[in-house]
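Per-entry structural report
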Amino acid sequence: MLNYIKSEFYRVVHSLSTYVTLGVFAALSLLVNCGLAIFGAINPAFAYNTTSFSMQFLMNIPTVFVCAAPILVYVLYENVGKSGALKNAVAFGISREKLLLGQTVVSLVFCLAVLAVTEAVYFASAYAFLRFDPAISAAEVLLETACALPSALAALVLAVVCVNVSDRSFVGVLIWMAVFYLVPYVCRWVGYQVDFFADIAAWMPMNFMDMQNAEVIFWRTGEGVLKCLVAGGAGIVVFGAAGWLALRRKEI
Amino acid sequence: MTDCVIQTRGVSKTYGRLKALDGVSVNVRRGEIYGLIGDNGAGKTTLLKALVGHIWPDEGDIGILSCEGRQLCAARRQVGAMIEKVGAFPNLSVEKNIEYCRILKGIPDRKKTAEVIELVGLAEKAGARCSQLSMGMKQRLGLAIALIGEPQILILDEPINGLDPSGIHEFRELLHRLNTQKNITILLSSHILSELQQTATTFGFLAGGRLIEEISIQKLTEKCADYIEIALSDVEKYAALLDKNFGDENYIVTPEKKVRIYSPRRKPYEYSRLAAENGVLVGGLESHSRSLEDYYMHIKEGGKNA
């Protein structure tokens, strides 16, 4: 499996799409802060060209870390099924379980690299172009990121499974969206009538990370951090097990 | 059967209502070039996919290099395969695709990539993206990927599809070199029978998911050779006459009490005359000539003991 991971890293490092993706993510984060800075320069009354508002912007969308995972997995493995390269690995005697684990490791490293670069560009551009305001610092966003990571990893595992299970990557993305968006949404709505579903819905990342309906910032409370860890851990186990069951006898 | 490097026993595979493989038992011996012959849908690719682990048979056992069951994964590391389309990343160059496979297979020597590119004749296209290659070049890349691990066994599905005539010639020569110089056992499928006839040393005929016959090139040559079959009133006497008068003829007496002369050296009327001059009545004389294609069509229609 180690050789598979090494070969995948070789592919990732030598693929143009890797750098394009990295560039797009970095450019988007740069764009947010540049946009705020430009608006501030044009309109002196514009109050949002501060580092604090920039950090607040990220704090309001913790689900961005979860949603980025399938996009990055899609970039890495969209063509794997079509190219037939997976068949080479299987024909060489690498089991499907090891392929799944290897792809998860490679995706995780890639996602962390993209996250590191994107946040570095975001913070650097915020502090370089915007008016400094100590109300909310980058440390708050880093704490948010750390708490969102287990759920993001669960999303990543599910994305790797979905891309491999479905012969069409697009269908895989739809499955991912159904599990990560539709199921929590349905549980929340049913939960208005049935308490059991409300209890379940409360532990689903897309619900407890929804900052628009949040009364407290989840990573600032012990209960919130626990939810992040438990929900993320459970997701990793459940999606990993589902992937193992679905892929170990999959015919390619 | 200890010299068998690939052995299947009663392998069956069903897709919905279609029985793609029905109790197939093949024996590929070390050093052979085994040609799997069959029409489209005969089960060639299904069998090869089962061998390399892309699919699981519903019934039956598969053995590779004396390994079965869970050990097959380890045995498959000695197998290079090209099944259906070439397993390459379209946006990577030829060299990088092969380098990827070198790393995947854990081969430490970086020179192997250049060697295998040279071996399959892709040196000039080493920097070209896989998506820019012609069909024939992709086939070569597939072969290079299969060869990079220095495998003991090569499994190739329709490997000459898309190759031009000189490419086919080079490919055939390459397979012979790999077989004789590196002692690689090769299992390949094709429906281009004339090509397989020049390449393979053993043939397996598949039709409707069943293995109809497994036959060596020697026996096949014998069965496909031109022959004259003569029905006679006294077969033993005529056999003695053949030995005495036409001692250079290769003949057999068939179970139907006919004399069958392979690759006859004389005109048909000379055999009739020999019988007539010695008081043996000729009931009938038929000339036969068959290609591998004729042979395949014949056994496919049920004439196994042709």
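Counting its regular elements, chain B contains 11 helices and 15 strands. Based on the C-alpha atoms only, the size of chain B along its principal axes is roughly 80 × 45 × 35 Å. Counting only residues that meet the buried cut, chain B has 42% of its 306 residues in that class. Long-range contacts, defined as pairs at least 24 residues apart, comprise 69% of the intrachain contacts of chain B with a sequence gap of at least 6.

Once that is clear, we can look at helix α4 (residues 111–119) of chain B. All names here are of chain B. Within the sequence span of α4, burial applies to Lys112, Thr113, Val116 and Ile117. Burial along α4 is one-sided: seen end-on, the buried residues are contained in an arc of 135°. In α4, the exposed positions that point more than 90 degrees away from the buried face belong to Lys111 and Glu118. In this structure, the buried residues of α4 make contact with α3 (94–104) and α5 (135–147). Two residues or fewer after α4 comes glycine 121, characterised by a positive phi angle close to 75°.

Another point: the domain arrangement of chain B. Taken domain by domain, chain B comprises domain 1 (4–215) and domain 2 (227–288). Averaged C-alpha coordinates put domain 1 of chain B and domain 2 of chain B at centres separated by 45 Å.

Take the nonpolar core next. If you look at soluble globular proteins, the nonpolar side chains tend to sit buried side by side. Formed by 127 residues in total, the largest nonpolar core has its most connected members in Leu156, Leu158 and Ala159 of chain A together with Leu141, Ala144, Ile155 and Ile186 of chain B. The element that contributes the greatest number of residues to this core is helix α8 (residues 138–165) of chain A, accounting for 15 residues. Beyond its immediate stretch of four places on either side in the chain, leucine 158 of chain A contacts Trp176, Val179, Phe180 and Phe239 of chain A. One finds Leu232, Tyr251, Tyr271 and Val280 of chain B within the second-largest nonpolar core, a separate group that totals 11 residues.

Let us look at the confidence of the model for chain B. Residues and elements named next belong to chain B. Model confidence for chain B is summarised by a mean pLDDT of 87, while 98% of its residues fall at 70 or above. The least confident element of chain B is helix α11 (residues 292–300), whose mean pLDDT is 77; the most confident is α3, at 93. Scored by ipTM, the complex comes to 0.85, with pTM at 0.82.

We now examine unusual backbone geometry. Residue and element names in this part refer to chain B. Residues other than glycine seldom take positive phi values, yet leucine 65 does so here, at roughly 50°. Checked against the element boundaries, leucine 65 lands in the loop between β5 (59–64) and β6 (67–68). In this structure, serine 66 takes a positive phi of about 65° despite not being glycine. Along the chain, serine 66 falls in the loop between β5 and β6. Look at serine 66 and you get exposed, because 12 C-beta atoms sit within 10 Å.

All names here are of chain B. A sheet is described by the order of its strands in space; here 6 strands give the open sequence β7-β8-β9-β4-β10-β11, paired in mixed fashion. Every other strand in the sheet has two partners, leaving β7 (79–82) and β11 (210–216) as the edge strands with one partner each. Within this sheet the neighbouring strands show an average axis-to-axis angle of 15°, counted without direction. Across 4 bridges, strand β4 (residues 33–37) lies against strand β10 (residues 202–207) in parallel orientation. Across the sheet, residue leucine 36 finds its bridge partner in β10, namely glycine 204. Contacting β10 and β11, helix α8 (residues 217–224) crosses the sheet at an angle of about 95° to β11.

On the chain A side, the residues contacting the 30 residues of chain B number 24 residues. Taken together, the elements giving at least two residues each to the side of chain B that touches chain A come down to α2 (72–75), β7 and α3 of chain B. In terms of residue count, the dominant contributor to the side of chain B that touches chain A is α3 of chain B (6 residues).

Let us now look at the pairing of strand β1 (residues 4–15) of chain B. Consecutive residues of a regular strand have side chains that alternate between opposite faces of the sheet. Residues and elements named next belong to chain B. Relative to strand β3 (residues 27–29), β1 runs antiparallel, the two sharing 3 bridges. Within β3, the residue paired with glutamine 7 across the bridge is asparagine 27. Across 5 bridges, β1 lies against β5 in antiparallel orientation. Along β5, the bridge assignment pairs serine 12 with glutamate 59. The pairing of β1 with strand β2 (residues 18–24) spans 4 bridges and is classified as antiparallel. From the neighbouring strand, lysine 13 faces β2, where its bridge partner is leucine 21. Here β1 folds back onto β2, and the loop between the two strands holds 2 residues, one of which, glycine 16, carries a positive phi near 60°.

The geometry of helix α1 (residues 2–13) of chain A relative to α3 of chain B is characterised by a closest axis approach of 7 Å and an angle of 160° between their N-to-C directions. For the element pair α1 of chain A / α3 of chain B, the angle class is roughly antiparallel. For the pair α1 of chain A and α3 of chain B, the crossing hand works out as right-handed. Residues Asn3, Tyr4, Lys6, Ser7, Tyr10 and Arg11 of chain A of α1 of chain A form the contact with α3 of chain B, whose participating residues are Glu99, Tyr100, Ile103 and Leu104 of chain B.

Conventions used here
Residues numbered from 1 in each chain as written. Chains lettered and ligands numbered in written order. Predicted model: local features only at pLDDT ≥ 70, side-chain atom pairs only at ≥ 80, totals over all residues. Helix = DSSP H or I, 4+ residues; strand = E, 2+ residues; numbered from the N terminus. Buried ≥ 20, exposed ≤ 12 C-beta atoms within 10 Å, placed from the backbone. Contact = placed C-beta atoms within 7 Å. Arc of directions from axis to C-beta. Domains from an automatic or database assignment. Core = buried A, V, L, I, M, F, W, Y, C linked by C-beta atoms within 7 Å. pLDDT = per-residue confidence, 0-100. Pairing = 2+ DSSP bridges. Axes fitted to C-alpha atoms, helices over the stretch in contact; angles between N-to-C directions. Parallel < 35°, antiparallel > 145°, perpendicular 65-115°, else oblique. Left-handed = near helix turned anticlockwise from the far one by under 90°.

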